[in-house]
Amino acid sequence: MNDGLMRFMRAHGQKPAPGQRPVTAGALAGLCAGVAALPLLVWSDALATVAAELSLSDRVLAAAYPAIALVAGGFYGAVFRRAANDRRGGWLFGISYGFLLWMVGPTALLQATLGRPLVTGTSAMGVLAANLLSGLILGLLFRPMHRLTQLRSHAR
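Everything numeric here is computed off the predicted structure, so don't read it as measured data.

Caption draft 1: Representation of the packing of helix α2 (residues 22-43) against helix α4 (residues 58-80) in the model. At a minimum axis separation of 6 Å, α2 and α4 run at an interaxial angle of 145 degrees. Two packed elements cross with a definite hand, and for α2 against α4 that hand is right-handed. Residues P22, V23, G26, A27, G30, L31, G34, V35, A37, L38 and L41 of α2 lie in contact with α4, whose contacting residues are A62, Y65, P66, A69, L70, G73, G74, G77 and A78. Looking at the contact of α2 with α4 residue by residue, the class counts come to 14 nonpolar, 6 polar and no charged.

Quick look at the structure:
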């Protein structure tokens, strides 16, 4: 392939170079998003309900949620790469990703494994709202985190 065409494709998000670190940027943004969505889970009583259903303490689940969000953010960065770094559409990528995680994420998988609803009523609405909020924050923070990781890699 033509070298000029490769540079053009890379500039438009097709093949990020190692210095761009989209997985690291996604993981950092995901961690921030998980921490920001945690109060919504507590407020809606979803955290306590899920913890009771899984026979875990609230504190263990509260500590696990940001870790799960960190992994989900890293996966977001790995899948969308520079396409998610869009100033105008990043929030849409993020909130759509949050909806996708609600549809097929850990809560849905646990419900399928257990064979019964894990959360219902207000708690279920809290889980949906937390996933959407987390996705929105992930989409909004991906660009600044991406810039931060690029600055850190250029400083070395």
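Caption draft 2: How the structure looks around the environment of G135. Within the secondary structure, G135 sits in helix α7 (residues 122-155). Residue classification places G135 among the buried positions, given a relative accessible area of 3%. Taking the C-alpha atoms as reference points, G135 and Y76, 59 residues apart in sequence, are found 9.7 Å from one another. Those residues in contact with G135 that lie beyond four places of it in its chain are G94, I95 and G98.

Rules of the game
Residues numbered from 1 in each chain as written. Predicted model: local features only at pLDDT ≥ 70, side-chain atom pairs only at ≥ 80, totals over all residues. Heavy atoms only, no water. Axes fitted to C-alpha atoms, helices over the stretch in contact; angles between N-to-C directions. Helix = DSSP H or I, 4+ residues; strand = E, 2+ residues; numbered from the N terminus. Left-handed = near helix turned anticlockwise from the far one by under 90°. Contact = heavy atoms within 4.5 Å. Nonpolar A, V, L, I, M, F, W, Y, C, P; charged D, E, K, R; others polar. Buried < 20%, exposed > 50% of the residue type's maximum accessible area, 1.4 Å probe, protein only.

So yeah, pure geometry; function would need other evidence.
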